[in-house]
Every structure is written in C-alpha cells, then in structure tokens.
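For reference, the chains in residue letters:
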Amino acid sequence: MKKLLMASAATLALTGAASAEDVNLGILIGFTGPIESLTSHMAAAAEMAMAEVNASGKSAYNFVSVRGDSTCVDSAAATAAAERMVTADSVKGIIGGDCSGVTGAVLQNVARPNGIVMVSPSATSPALSTAEDDGLFFRTAPSDAREGEVMGEILSEKGVKSIALTYSNSDYGKGLAEAIAAGFTAKGGSVTINIPHEDGKADYSAEVASLASAGGDLLVVAGYLDQGGKGIIQASLDSGAFSQFGLPGGMVGDSLPAAIGPALDGSYGQVAQSDSAGAAMLTEMGKASATPFDATSPYSMESYDAAALIMLAMAAAGSTDSKVYSAKIMDIANGPADGSGTKILPGELGKALELIAAGTAIDYDGASGVALIGPGESAGRYKQFEIKDGKYETVTFR
Amino acid sequence: MDILNAFVALLNFVIVPGVAYGSQLALGALGVTLIFAVLRFSNFAHGDTMAFGTAIVIMVTWLLQSWGISFGPLPTALLALPFGIAVTAGLVLLTDRGIYRFYRRQKAAPIILVIVSAGVMFVMNGLVRLIIGVEERNFTDGERFLLDAQTFKAATGLAEPLVIKTTVAVTVVIAVLCVAALFWFLQNTRTGKSMRAFSDNEDLALLSGINPDRVVQVTWIIAAALAVIAGTLYGLDKSFRPFVYFQLLLPVFAAAVVGGLGSPLGAIAGGYIVALSEVVLTYAWKKVATYVLPDSMAPDGLMQLLSTDYKVAVSFAILIIVLLFMPTGIFKGK
C-alpha cells in the first residue's frame, strides 16, 4: 500500500512537472564590470519574479533563468553571451542588457536577427529610443533625456548657476551628459565645461585640473560609481577643486559613500526609482526572498518588472514566440486606454495570470509604476536624494 | 593677490601632481636604464615587475594591518616595502637564471633579448592577476593630507587652495633618497664601480677580473628594488590596478629614452620632462590666465591645447620626436 502511494505520488509529481513546459529566459547584465555592484540585486529581482510565477501554478510555462555576463562595456563579449543564450540555451526572451552601449549592440547583432524580445531594466541612452528594433525592444527604465530634465530642475531649484560636467566616455555617459546640459541650460543655468573621462584609470588629476580651471558651483559626474566617477570625485576632493557633486543614477550605490567617506555628504542628485505602492512591497519581498536582495538598489525594481512583463505577455499571447508576444507587452504594461485595467503590483503575478486567463484586462504597475510610452520605454519616476552621513536620503519624488 | 592666486592654482594642479608623477616615472625609468646599461637590452617586463612588487607590498600591508601594525601618519605600505623588494628580487633573479642567462651565454642579439623580455612580461602579467586579481586596490592609510585645502585657505586667505597629499610628499622624499643612494653606490662602492666598468666596456671589464655573474645579479636586484619602490609610490598616490601598470611601461620608456637610455641622470630628467609635458599640455589654462590677464583680455575658451584623453599620446609623441631627432637622448645615452 505504502509503495503504491509513493508510486502514485511520484507519477503525480511527474505529470505536474510535465504539464508546465520549461521556458528559458535570459538575464543579460554585467555581472562583472563597472556596475557589478548593482547587478546581483538586479538578477535576484528578476529571478524572484520567475520563481513567483512558477510557484503560483497558474502559468502554462515553467520559467528557468539563464544568466549571461554583458560586462556592461565590452560589446563583443556581450554579443557573444547573448548569442550563446539564444543558440545554446534557446531563450525565449532576454531581460537586459544593462548598459546602453552593449544593449544597442546586442539588439542589432542578436535580438533582431534572431527575433528575440529584449526588455532592458537599465539601458537609458536617448539613442535607444530611435534605434531600429522591429518592435522587439522595450525598457522599463526611462530615457536619460528625461533624467536630464529632472536634474536641470533640481539644480535650478537649489540655486545653482553654473556647473562643470564630466561624463564616462561611453554611450550612457555621453547621452546623459548631453541631456543634463540641455536640461540645465533650459532652466537658465550655464555649463562651464563638458568633458569625458576614461574609465579604469588610476589617476584623474589631469581631468580634474581642467574641470577646476573651468570652475562652476558644483561638479556633475555622469559616470559609473565603481569606476572613473569615483576617481574623479576622489581627485576633486583631494585637490580641493570641488566639494559638492551632482550625482545622476549611475553614481548611486552604497560603495560610493563607503569609498569616499564623509566628504561626500551634502552632494545630491536623482535616480530612476518609483514611490509607487509597489516599490515598498518589492523592498519587503526582496528582504524575505530565498536569495535576499536590496530592491532599493538602482534598477532592481525595473529588473523585476522587466521579467514580469515578458512572462505576463507570454501568458496573454498564449505563446513564447517573441514575434507573437511582443505585441502584448504594451497592452500588459498600460492596460486599456480608458484605465479600466486591474492594477497589478509585485507579488500579484499569480492573480495577474488568473485575470489574463479569465480574459480580464490588466494594467501592470509593478514595482516601478510601469507605464510605457513612445517606442516602449518607461515614462519614469525619479527619486531626488541627498547624501547625509554616508546614506542616500530621499528628499522627494518627481 | 591675483598673481598669487594664479601661482597657487598652477602649483596645485600642474606642478605638484607633475612632480609627484615625475618622481614615480623617474624611479621606473632608472630601473629600465640600469638594465639597459649593464645587460644591454630594453626590459619590457619592467612595468609588470612594478605590478608584481606592488602586489606583494599590498598583501604584506594587509597582513601588517590585520596584526594592528601601522606606521603612524605614514602609509603602512612603506613598512611592507622591504618584503616586496625581497620577493621581487628573488623573482627577477630566478627569471634571469632560468631565461635571460641562457640567451646571454649564447651571445644573443639585443633584439632577441627584447622579445624574450616581452614574453616574460606576459607571464608576469598573468602571475600578478593570479596573485591579486584584476580589480582596483587602494591601500593608502595614515594621514591623507600634509596640507589640506581648508587649512591653506584659512591660513593665507587666498581663493585658490593648495593641497599636498602625504603620498606626494612621501613620493618626493623617497625618490630623492633613492636617487642619492643609487648615485653614491655607483660612484663610491667597489660593486658600483665594477657595474659602471662592465657597462662601459664588457671585454675590458672581464679582463680586469670583474665577475660578470655578480654584476648582473646586483643590477637585477637594484632594478627590482627601484621597480617595487616606483610601483608602490604610484599605487599609494593613485591606485593599484594591474592593467594600469602594464600601460605605465610607455611613459617609463619615454622617460628613459628622452634622457638617454643607459644614463641614470637622463632617466631622472626624462621622468620629469615626460610627466610635466603630459600635465602642461593637457591643462586648461583658463583659470590661470583669468587671474593674470586684465579683465578685458580674460579668455572665453578653456585654453586647453589637448584634451586630457590624449595624455598617453603625449608620451608617444615625445618618444617618437626624440628617437627621430635625438636618438641618444638629452644625456647622450646609447
């Protein structure tokens, strides 16, 4: 009798597993490289969304995460990693890439030729808004053009008249610097100098000397916190050139105040992050997750949302074919135009799947208050912060 | 007052960093030039010898810090220097015994030795990455500033700050001590004299009974010591990253060639020439000009000759110009 029970239990388990088809989803972000301190949180958030869907038992598919290293900076390496995901692991959608340069390269070299949907949680270059994407590319992060406007507002409200501006010599840095310069000039401020800096150097005193010579009320560093951005700030403080800094999203992470120390207090900036109800929920879920992560770390919420969008769109389309379900992503994210869609927050993916199965329209809000505009990119909410006692204190959301 | 402000700005952003960087290059170039003088080849592995030595120094520093040992206001790494030098000297002596000696016995042409040293460079490159990894390491501790911006502004009332980091002061003092010790050694000791004799005329030196193996060993030890000191000072003042040290090879060679390969005095002069030209050519002169010139003539632009991106190109250009027009360098090397 016991044997029979066990055998039937085993059969049941087998059929249960067999009924849900395994679907691979790629997570293509820079596990090594300039933003490596952010990516572990991003990947954990995306994988938690997959685990949530699998555990709900409402999905026809069993989602399996396939991690790939985009390196953030090396397009060739990112393309190879994406190629391997698509050919060897036959992923049905990619959450990524992370940095704008590699994302553009993977989109053109891998996603479009193979017809695979990409939803980037963190690529923010304005250039991606106009890139050819065959309707396959979406992002849950807003374009830097918007961040530039927000930073211009913050700076002019703080009474800043002139800024010196330096950017990481990358697609992300250049695009953001142009957006900030445009946003700040539109508010009547002046940019005394706008120069690039190379990442991965030991010494930034020459760059800082130029910046100091041009002068300005404060120095805006549109770079990466683990790389040249940190070096520029350190060298500026060491030489007494600047004592206050404007910090865009790429410069937000706990490793920066830890490395620089109290001298960074009083610097301020903004980062794409939402104050929506979902943000707090995901933060709690992240703490309780099997692999705990910090959802307030930049782009973690967007990563969860990116994964959720792909999975819900697959459910809505009843297909894992990118060409089919890509058409559903905007519907899922925004709901019907009259706003009648049921709002979906983090932790409600099971409920969303039920509603989709019942034919009810949903409006996925997720953790970052997802609303996709234009060519499929987030409208964006920004957290304005100021550094106090080595912590990023939230001032307001805008 | 304006003139003073201009002078302080120049000092803070050009002279002080230039002199510190120049001292670090000069120590590196001295090692290259010594090897060239005695062993007669350009040692491409020198940058990675610097990286290897610095990696050892960093690890000994960590060990000392974990024991709670510090050097007061000075960086702990200075205490770890002797260990780094000893290990690195051991490594280069082993390399010489295992690799270079074979080619020396064969009387191989210098160009073959240069290529061999490139091979050694790649091996060392990998070794350093295996030992300490590829990430950036900051190992500076102790007092950060000898003179900081606030103190200077409060004391002088000037608008421009002057900052002297402890590491800059340490760099310059140690560089002066090293150079003095080296010159004393070369001029006044028996071994130093035999090294110079061996360098000037190998056959004559051998005839007069100088032991060539000993000269070669001493040269390697001194070159390794200089490399470790240069690498550690650079790492303290800036930061340590294996790839950056690999790239340091170019300015170090430019310095040695400008001064004249084989001439220790030239290596020092070359170090400062290369460092200061890099800084001066990429500095934006707007601020200094605004202080010095009358208001009507104040510049609108940045007055920058080259973007800072082209810093490396400056060493390249100097290297090429010197090789074209003055192949023996300023101090008539070889």
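If you're wondering where the values come from, they're calculated on a predicted model, not measured in any experiment. (Residues numbered from 1 in each chain as written. Chains lettered and ligands numbered in written order. Predicted model: local features only at pLDDT ≥ 70, side-chain atom pairs only at ≥ 80, totals over all residues.)

The next point concerns the nonpolar core. In this structure, Ala46(A), Ala307(A), Leu309(A), Ile310(A) and Leu312(A) are the most contacted members of the largest nonpolar core, which totals 229 residues. In terms of residue count, the dominant contributor to this core is helix α1 (residues 2–39) of chain B (21 residues). Summarising the domain contributions, this core has at least three residues from each of domain 1 (22–142 + 276–334) and domain 2 (145–274 + 380–397) of chain A. When residues no more than four places from it in sequence are discounted, the contact partners of Ala46(A) are Ile27(A), Ile95(A), Ser303(A), Tyr304(A), Ala306(A) and Ala307(A). (Core = buried A, V, L, I, M, F, W, Y, C linked by C-beta atoms within 7 Å. Buried ≥ 20, exposed ≤ 12 C-beta atoms within 10 Å, placed from the backbone. Helix = DSSP H or I, 4+ residues; strand = E, 2+ residues; numbered from the N terminus. Domains from an automatic or database assignment. Contact = placed C-beta atoms within 7 Å.)

Opposite the 20 residues of chain A that make contact, chain B presents 26 residues. The leading source of residues in the side of chain A that touches chain B is helix α7 (residues 205–214) of chain A, at 8 residues. When its residues are assigned to classes, the side of chain A that touches chain B shows 8 nonpolar, 7 polar and 5 charged. (Nonpolar A, V, L, I, M, F, W, Y, C, P; charged D, E, K, R; others polar.)

Let's shift gears to the sheet that holds strand β8 (residues 218–222) of chain A. All names here are of chain A. As summarised here, the arrangement of the 7 strands in space is β7-β6-β8-β9-β10-β15-β16, forming an open sheet in which the pairing is mixed. The open sheet terminates on both sides in strands that have one partner only, identified here as β7 (190–197) and β16 (391–397). The sheet shows a mean angle of 25° between the axes of neighbouring strands, direction not considered. Direction of pairing for strand β10 (residues 268–272) relative to strand β15 (residues 382–388): antiparallel, over a ladder of 5 bridges. From the neighbouring strand, Gly 269 faces β15, where its bridge partner is Phe 385. Its contacts with the sheet put helix α6 (residues 171–186) on β6 (162–168), β7 and β8, and the angle it makes with β6 is roughly 165°. Those strands touched by α7 are β6, β7 and β8, and its axis lies near 175° from that of β7. (Pairing = 2+ DSSP bridges. Axes fitted to C-alpha atoms, helices over the stretch in contact; angles between N-to-C directions.)

This part covers the confidence of the model for chain A. Note that predicted coordinates carrying low pLDDT should not be read in detail. All names here are of chain A. On average, residues of chain A score 89 in pLDDT, and 95% of them are at 70 or above. The element-level mean pLDDT for chain A is lowest in helix α1 (residues 2–19), coming to 51, with strand β4 (residues 117–120) highest at 95. Considering only residues more than four positions removed or in separate chains, one finds that residues 11–18, a stretch of pLDDT under 50, has 0 contacts. (pLDDT = per-residue confidence, 0-100.)

Looking along the chain, the bond that leaves Gly96(A) and enters Gly97(A) is cis, with omega of -10°. Along the chain, Gly97(A) falls in the loop between β3 (93–96) and α4 (100–114). Even without being glycine, Asp134(A) reaches a positive phi, approximately 55°. Within the secondary structure layout, Asp134(A) lies in the loop between β4 and β5 (137–142). We classify Asp134(A) as partly exposed; it has 13 C-beta atoms within 10 Å. One non-glycine residue with positive phi stands out, namely Lys107(B), at about 55°. As for its placement among the helices and strands, Lys107(B) is situated in the loop between α3 (77–105) and α4 (110–132). Assessed through the 6 C-beta atoms surrounding it within 10 Å, Lys107(B) is described here as exposed.

This part takes up the domain arrangement of chain A. Residues and elements named next belong to chain A. As assigned here, chain A comprises domain 1 (22–142 + 276–334) and domain 2 (145–274 + 380–397). Of the residues lining the interface, 21 residues belong to domain 1; the matching set on domain 2 comes to 21 residues. Elements with a minimum of two residues in the side of domain 1 that touches domain 2: α2 (36–56), α4 and β5. Among the residues making up the side of domain 1 that touches domain 2, the classes are represented as 12 nonpolar, 8 polar and 1 charged.

Before going further, it helps to spend a moment on the environment of Ala225(B). Residues and elements named next belong to chain B. Turning to its location among the elements, Ala 225 is positioned in helix α9 (residues 212–237). A count of 23 C-beta atoms within 10 Å places Ala 225 in the buried class. For the pair Ala 225 and Gly 266, spaced 41 residues apart in the sequence, the C-alpha separation amounts to 19 Å. Excluding anything up to four places from it in sequence, Ala 225 contacts Ile 85 and Ala 89.

Glancing now at the pairing of β16(A). Residues and elements named next belong to chain A. As paired strands, β15 and β16 are joined by 6 bridges and run antiparallel to one another. When the sheet's bridge partners are listed, Ile 387 is paired in β16 with Tyr 392. Counted between consecutive antiparallel strands, the loop separating β15 from β16 contains 2 residues, among which Asp 389 sits at a positive phi close to 50°.

Turning next to the sheet that holds strand β14 (residues 377–378) of chain A. All names here are of chain A. If you trace the 7 strands from one edge of the open sheet to the other, you get β2-β1-β3-β4-β5-β14-β13, paired in mixed fashion. Only two strands of the sheet have a single neighbouring strand rather than two, namely β2 (61–69) and β13 (372–373). Relative to β14, β5 is paired through 2 bridges, and the arrangement is parallel. Residue Arg 139 lies in a different strand from β14, and its bridge partner there is Glu 377.

Residue and element names in this part refer to chain A. Where α2 meets helix α11 (residues 300–317), the closest approach of the two axes is 7 Å, and the angle between their N-to-C directions is 35°. Crossing hand, α2 versus α11: right-handed. Taken together, the residues of α11 that come into contact with α2 (itself represented by His 41, Met 42, Ala 45, Ala 46, Met 48, Ala 49, Met 50 and Val 53) are Ser 300, Met 301, Ser 303, Tyr 304, Ala 306, Ala 307, Ala 308 and Met 311. Across the contact of α2 with α11, the residue classes tally to 13 nonpolar, 3 polar and no charged. (Left-handed = near helix turned anticlockwise from the far one by under 90°.)

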